[in-house]
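Residues per chain are reported as follows:
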Amino acid sequence: MTITITAFEKSPDRGRGLARDMRVRWALEEVGQPYEVRLVTFKTMKEPAHIALQPFGQIPTYQDGDLALFETGAIVFHVAERHAGLLPSDADARARAITWMFASLNTVEPPILEREATTYVERDKDWYHERLLMLEDRIRVRLAQLSRRLAEADWLDGAFSAGDLLMVTVLRRLENSGLLDAYPNLSAYVARGKARPAYKRAFDAQLAVFTSASSA
Ligand SMILES: N[C@@H](CCC(=O)N[C@@H](CS)C(=O)NCC(=O)O)C(=O)O
């Protein structure tokens, strides 16, 4: 059965690999599972056919035969459950890795996304700078906590897992903000994730989509 995911026909991040199909591509590459990509536009994402797959009109989606999934956390978990390589086999270690998946999406990502949204939609407000500083303080709290926990380890809990995959993609959203600079172990952690061959294959694949859409 062919696995098909959806991704932006022309990603607004201009191929920087920040769109969330990157997480799914990376997971599939880590486990050696081939996949196809169906490209969607902002218009087609809001049409009934796509809404039937993703009720919020977003990418990515994941289809494998009759199974259709959305939400990157759920998709990465599904891939990790069905293939070796992203979750430990020891039950306790597996539960801890899953905990890190939730922590990345529920605890670390929200203030990062809020800051991002503010920079897009609230720039013209007279309270913009005050709010930005407040959100950056909230992010720094999380980064300091995460940095303390990671300490000198390569990954969050033993071997690389789906928890690290999601956490690295979440932290990547801060790359141009300067906020990671104060935490060299987190910057090195992100660099370690990006150096994985599976990450590179996923990154190159999504960049190729953007490059070909731009030259068309
Ligand atoms: N929580 C969702 C978020 C999905 C999401 O925000 N997708 C973005 C691209 S990275 C999107 O489709 N944005 C367009 C829109 O919301 O209209 C997930 O993790 O899958």
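Here the residue numbers are simple positions, counted from 1 along each chain's written sequence. A pLDDT threshold of at least 70 governs which residues receive local features in this predicted model, and a stricter bar of 80 or more applies before side-chain atom pairs are shown or counted, although totals over entire chains, interfaces and linings include all residues.

Caption draft 1: How the structure looks around the nonpolar core. In this description, a nonpolar core means buried residues of the types Ala, Val, Leu, Ile, Met, Phe, Trp, Tyr and Cys, linked to one another by C-beta atoms lying within 7 Å. Exposed residues have 12 or fewer other C-beta atoms within 10 Å of their own C-beta, buried residues have 20 or more, and partly exposed residues fall in between, where C-beta atoms are placed from the backbone. In this structure, A27, V76 and A162 are the most contacted members of the largest nonpolar core, which totals 45 residues. Each of domain 1 (3–85 + 197–215) and domain 2 (91–194) contributes no fewer than three residues to this core. Residue ranges assigned to each domain were obtained from an automatic or database domain assignment.

Caption draft 2: Fine view of the sheet that holds strand 1 (residues 3–8). The four strands lie next to each other as 2-1-3-4, forming an open sheet whose pairing is mixed. At either margin of the open sheet sits one strand with a lone partner, and together these are strand 2 (36–40) and strand 4 (67–70). Adjacent strand axes in the sheet meet at a mean angle of 20 degrees, parallel and antiparallel pairs treated alike. Of the pairings in the sheet, the one linking strand 1 to strand 3 (residues 61–64) comprises three bridges and is antiparallel in character. Along strand 3, the bridge assignment pairs I3 with D64. For two strands to count as paired, DSSP must find a minimum of two bridges between them. What counts as a helix is a DSSP run of H or I of at least four residues, what counts as a strand is a run of E of at least two, and both are numbered from the N terminus. To obtain each axis, a line is fitted to C-alpha atoms, and for helices this fit is confined to the stretch in contact; angles are then taken between N-to-C directions over 0 to 180 degrees.

Caption draft 3: Examining the pairing of strand 4 more closely. Sheet analysis places strand 3 next to strand 4, joined by four bridges and oriented antiparallel. By the bridge assignment, Y62 is partnered in strand 4 with L69. The loop that links strand 3 with its antiparallel partner strand 4 comprises two residues; one of these, G65, has a positive phi angle of about 60 degrees.

Caption draft 4: Region of interest: the environment of P48. Among the secondary structure elements, P48 is positioned in helix 2 (residues 48–51). Using a count of 6 C-beta atoms within 10 Å as the deciding quantity, one classes P48 as exposed. Sequence separation of P48 and R23 is 25 residues, and the distance between their C-alpha atoms is 25 Å.

Caption draft 5: Quick peek at the pairing of strand 1. Strand direction decides the pairing type here: strand 1 and strand 2, joined by five bridges, are parallel. Residue pairing across strands places A7 opposite L39, the latter belonging to strand 2. Traced from strand 1 through helix 1 (residues 21–30) to strand 2, the parallel crossover comes out right-handed. The definition of a right-handed crossover adopted here requires that, viewed with the strands pointing away, the path from the first strand over the helix to the second runs clockwise.

Caption draft 6: Just the domain arrangement of the protein chain, in detail. When the domains of the protein chain are assigned, the result is domain 1 (3–85 + 197–215) and domain 2 (91–194). Between the C-alpha centres of domain 1 and domain 2 there is a distance of 21 Å. The partner domain 2 presents 10 residues to the 11 residues of domain 1 that form the contact. Tallying contributions element by element places helix 1 first for the side of domain 1 that touches domain 2, with five residues. Only Asp, Glu, Lys and Arg are considered charged, only Ala, Val, Leu, Ile, Met, Phe, Trp, Tyr, Cys and Pro nonpolar, and every remaining residue, Gly among them, polar. Of the residues that constitute the side of domain 1 that touches domain 2, the class distribution is eight nonpolar, one polar and two charged. Whether two residues are in contact is decided by their C-beta atoms, placed from the backbone, lying within 7 Å.

Caption draft 7: Seen up close, the site of the ligand. Surveying the vicinity of the ligand reveals the residues A19, R20, G57, Q58, I59, E71 and T72. Residues of the shell around the ligand, tallied by class, amount to two nonpolar, three polar and two charged. Being near a molecule or strand means, for a residue, that its C-beta atom, positioned from the backbone, comes within 6 Å of it.

Caption draft 8: Representation of the packing of helix 1 against helix 8 (residues 197–215). Taken N-terminus to C-terminus, the directions of helix 1 and helix 8 make an angle of 135 degrees; their axes are 8 Å apart at the nearest point. One way to sum up the angle between helix 1 and helix 8 is to call them oblique. As helix 1 packs across helix 8, the resulting crossing turns out to be right-handed. In this structure, helix 1 contributes D21, M22, R25, W26, E29 and E30 to the contact, and helix 8 contributes A198, Y199, R201, A202, F203, A205 and Q206. Split by residue class, the contact of helix 1 with helix 8 holds seven nonpolar, one polar and five charged. Throughout, the term roughly parallel applies to angles under 35 degrees, roughly antiparallel to angles over 145, roughly perpendicular to angles from 65 to 115, and oblique to all others. Working rule for handedness: look at the near helix, and if it is turned counterclockwise from the far one by less than a right angle, call the crossing left-handed; if clockwise, right-handed.

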